[in-house]
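Now for the letters of each chain:
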Amino acid sequence: ITNGEVVKIKALTGSDADCDISHLSDQRVMRAVNGVVLEQLEEKHGKAQNIDLSELKIADEYFWIDIYDLCRKVGLEPVKQNREIVRDMMIRLRDTYYDIDATGSALFREKFCPGGSELTQFRYLTEFSAKSGPSVENKNQIELSRFYLLKLHILILGNLITSGKSFISHPELMTEKS
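Note that this is a predicted model, so its numbers are computed, not measured. (Residues numbered from 1 in each chain as written. Predicted model: local features only at pLDDT ≥ 70, side-chain atom pairs only at ≥ 80, totals over all residues. Heavy atoms only, no water.)

Two elements in contact, helix H1 (residues 27-45) and helix H4 (residues 80-95), have axes whose closest approach is 9 Å; the angle formed by their N-to-C orientations is 85°. The angle between H1 and H4 falls in the class roughly perpendicular. On H4, the residues that touch Arg 28, Val 29, Met 30 and Val 33 of H1 are Val 86, Met 89, Met 90 and Leu 93. Classifying every residue of the contact of H1 with H4 gives seven nonpolar, no polar and one charged. (Axes fitted to C-alpha atoms, helices over the stretch in contact; angles between N-to-C directions. Helix = DSSP H or I, 4+ residues; strand = E, 2+ residues; numbered from the N terminus. Parallel < 35°, antiparallel > 145°, perpendicular 65-115°, else oblique. Contact = heavy atoms within 4.5 Å. Nonpolar A, V, L, I, M, F, W, Y, C, P; charged D, E, K, R; others polar.)

Ranked by internal contacts, the top residues of the largest apolar core, which has 38 residues, are Val 29, Val 33, Val 37, Met 90, Leu 150 and Leu 152. Looking at this core, the elements with two or more residues in it are H1, strand S2 (63-66), helix H3 (67-73), H4, strand S3 (96-104), strand S5 (125-134), strand S6 (142-152) and helix H6 (154-160). A total of eight residues in this core trace back to one element, the largest contributor, which is H1. Residues contacting Met 90, with those up to four places away along its chain left out, are Val 29, Val 33, Ile 67, Leu 70, Leu 125, Phe 128 and Tyr 148. (Core = buried A, V, L, I, M, F, W, Y, C linked by side-chain atoms within 4.5 Å. Buried < 20%, exposed > 50% of the residue type's maximum accessible area, 1.4 Å probe, protein only.)

Every regular strand shows the same layout, with side chains that alternate between the two sheet faces. In the sheet, strand S1 (residues 6-13) pairs with S3 via seven bridges, with the strands oriented antiparallel. Residue Lys 8 lies in a different strand from S3, and its bridge partner there is Asp 101. Direction of pairing for S3 relative to strand S4 (residues 119-123): antiparallel, over a ladder of five bridges. Considered in S4, the bridge of Tyr 97 is made with Arg 123. (Pairing = 2+ DSSP bridges.)

Further remarks concern H1. Its 19 residues give H1 an end-to-end C-alpha distance of 26 Å, which sits within 8% of 27 Å, the value for a rise of 1.5 Å per residue. For H1, the complete set of buried residues consists of Arg 28, Val 29, Met 30, Arg 31, Ala 32, Val 33, Asn 34, Gly 35, Val 36, Val 37, Leu 38 and Leu 41. Trailing H1 by a residue or two, Gly 46 shows a phi angle of about 95°, which is positive. (Expected span 1.5 Å × (residues − 1).)

Right, let's talk about the sheet that holds S4 for a bit. Across the sheet, which stays open at both edges, the three strands sit in the order S1-S3-S4 with antiparallel pairing between neighbours. Each edge of the open sheet carries a strand with a single partner, namely S1 and S4. Across this sheet, the average inter-strand angle for adjacent strands is 20°, counted without regard to direction.

For the protein chain, per-residue confidence averages 80 on the pLDDT scale, and 79% of positions sit at 70 or higher. Within the protein chain, the lowest mean pLDDT, 66, falls on helix H2 (residues 53-56), and the highest, 94, falls on H3. (pLDDT = per-residue confidence, 0-100.)

Another point: the pattern of salt bridges. Applying the stated criterion across every chain yields a total of seven salt bridges. The partner of Arg 87 in a salt bridge is Asp 88, and the shortest N-O contact between them spans 3.1 Å. Linking Arg 94 and Asp 95 is a salt bridge whose minimum nitrogen-to-oxygen distance equals 2.8 Å. (Salt bridge = Lys/Arg side-chain N within 4 Å of Asp/Glu carboxyl O.)

Here we take up H4. The end-to-end C-alpha distance of H4 is 22 Å, a good match for the 22 Å that 16 residues give at a rise of 1.5 Å each. Taken together, the buried positions of H4 are occupied by Asn 82, Arg 83, Val 86, Met 89, Met 90, Arg 92, Leu 93 and Asp 95.

Evaluated as defined, the whole model comprises two aromatic pairs. Here the aromatic rings of Tyr 98 and Phe 122 are separated by 5.7 Å at their centres, their planes lie at 40°, and the arrangement is tilted. Of the two residues, Tyr 98 is situated in strand S3 and Phe 122 in strand S4; the sequence distance between them amounts to 24 residues. With a centroid separation of 5.0 Å and 5° between ring planes, the pair formed by Phe 128 and Tyr 148 is classed as stacked. Taken as a pair, Phe 128 in strand S5 and Tyr 148 in strand S6 lie far apart in primary sequence, 20 residues in all. A relative accessible area of 13% means that Phe 128 is categorised as buried. (Phe/Tyr/Trp six-rings, centres within 6.5 Å; stacked < 30°, edge-to-face > 60°.)

Pasting the structure below:
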């Protein structure tokens, strides 16, 4: 965005009592999920810059996330408390809607808005559900919420495979020092 251009972004959440708006620190998980999704896309379809959303129909593609791996990517040991923290971050990202008014920025509309639209609303995670799996600590015990099936908004997928638009960062930016 150049000098004088303005983009207004409003974060909203659902009206359910258990809905919560995303926190700034939730971007750690967002970056980690973007990295995992990009890896899965490239494993399945080849290099990101060669993927065409419309040809491959990946707009309806789901991705698996292992909460243990996600914890490690954001610099946390995958103990129960940390898994709950990371899961809560993903739930907030699912529950938060972003209203974007890019009327004041032609550059932002061109790069990030479908068809150059001025007003856009989206959720980062459009779908998010848990699948049970065996516990790492005790193979005979089933642990809920080990694996998550999720779907990203088409704008996020499009930006992940477009050079210069990916919200992927250096691994150190996915962690916080306490």
